[in-house]
Amino acid sequence: MYTRSSLLVFLLGLTIGVMWIQAETQQPITETCLVCMCQALSGCNDTAVCVNGACGIFRITWDQWVDSGRFTIEGDSPLTDSSFTNCANDPICAANTLQSYMVKYGQDCNDDETEDCYDYGAIHYMGPFNCKADMPYSYESVFRRCLRDALRAEKRQKAN
Ligand SMILES: *[C@@H]1O[C@H](CO)[C@@H](O)[C@H](O)[C@H]1NC(C)=O
C-alpha cells in the first residue's frame, strides 16, 4: 500500500525530473540555422582556430562560453582555460553552448513578432543588448543567402 504522502513525494520528484530534462534539452536553434550561422562566421571551417579571441566554427568568445554555463568536452574541467578553446573548437560542444546562450538571451530583435534564426544570428554576432543594430553586410549576406537556399531545398523536398 502506498501512503498518500509517499505518492506526493513521488509525483513531485517526477515533475522536477521532467522539468530538469526539458531545461537540459531546450534547443531553440534549428540545425539549419546552426549551419547558416557557421557558414556566415567561418565557412564552417572546422580547423581549430581563434580569431581575436573568438574560436571555432561559430567563433564563440570566452564571455559567451562562461555565460552559457561552461560546457566542456568529455574529460575537461569547466575551470581550466583550455576547456574554453577545446569546447569552442568542438562543433557539438560549441553548438550546445550557443543553444544555451539563446535559451538565456533569445529575443525578437527585428520586431517581426517571432524569435527565429535571424534573431539568433544577430544576437550571436552583435550581442544580446545590441541585436537590433544592422548586421555587417558580409555576415548578413552569407547568412541570408544560406537561409534562403535552405528554405528552397526544404520546399523542393516536400514537393517531391
Ligand atoms: C580553414 O582554416 C584554416 C585556418 O585558418 C586555413 O588554413 C584553411 O585554409 C581553411 N580551409 C579552407 C577550406 O578554407
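Structure first, text after, so check above.
On a predicted model such as this, the values are computed, not experimentally measured, just so you know.

**Quick notes on the overall build of the protein chain**
Counting secondary structure elements, the protein chain contains seven helices and two strands. Reading the secondary structure of the protein chain in the N-to-C direction produces α-α-β-β-α-α-α-α-α. The 160 residues of the protein chain split such that 32% are buried. Here the analysis covers contacts within the protein chain between residues at least 6 apart in sequence; of these, 47% occur between residues at least 24 apart. Of the roughly 10300 Å² of accessible surface on the protein chain, 56% is carried by carbon and sulfur atoms.

**Re helix α2 (residues 31-42)**
For α2, spanning 12 residues, the distance from its first C-alpha to its last is 16 Å, which sits close to the expected 16 Å at 1.5 Å a residue. Within the span of α2, buried status applies to C33, L34, C36, M37, C38, A40, L41 and S42. Packing partners of the buried residues in α2 comprise α5 (91-105), α6 (117-126) and α7 (137-159). Directly beyond the C-terminal end of α2, a positive phi value near 65 degrees is found at G43.

**A closer look at the pattern of salt bridges**
Tallied over the entire structure, the rule returns four salt bridges. When the shortest N-O distance is used, the salt bridge between K104 and D67 registers 2.9 Å. Remark: D67 occurs in helix α3 (residues 62-67) and K104 occurs in helix α5; sequence separation between them is 37 residues. Taking the relative accessible area as the measure of exposure, K104 reaches 48% and is therefore partly exposed. Between R144 and E140 there is a salt bridge, with the nearest N and O atoms lying 2.9 Å from each other. Of this pair, R144 and E140 both sit in helix α7, four residues apart, which is roughly one turn of that helix.

**Some words on the packing of α2 against α7**
At a minimum axis separation of 8 Å, α2 and α7 run at an interaxial angle of 145 degrees. α7 is crossed by α2, and the crossing has right-handed handedness. Facing T32, V35, C36, M37, Q39, A40 and L41 of α2, the residues of α7 in contact are Y139, V142, F143, C146, L147, A150 and E154. When the residues that make up the contact of α2 with α7 are grouped by side-chain class, the tally is 11 nonpolar, two polar and one charged.

**Points about the side chain of E140**
Side chain to side chain, E140 and Y118 meet in a polar contact 2.8 Å long. When residues no more than four places from it in sequence are discounted, the contact partners of E140 are Y118 and M135.

Reading guide: rules and limits
Residues numbered from 1 in each chain as written. Predicted model: local features only at pLDDT ≥ 70, side-chain atom pairs only at ≥ 80, totals over all residues. Heavy atoms only, no water. Helix = DSSP H or I, 4+ residues; strand = E, 2+ residues; numbered from the N terminus. Buried < 20%, exposed > 50% of the residue type's maximum accessible area, 1.4 Å probe, protein only. Contact = heavy atoms within 4.5 Å. Areas by Shrake-Rupley, 256 points an atom, 1.4 Å probe, with all protein chains shown as cover. Expected span 1.5 Å × (residues − 1). Salt bridge = Lys/Arg side-chain N within 4 Å of Asp/Glu carboxyl O. Axes fitted to C-alpha atoms, helices over the stretch in contact; angles between N-to-C directions. Left-handed = near helix turned anticlockwise from the far one by under 90°. Nonpolar A, V, L, I, M, F, W, Y, C, P; charged D, E, K, R; others polar. Polar contact = N/O pair within 3.5 Å; in protein donor to acceptor, adjacent residues only side chain to side chain.

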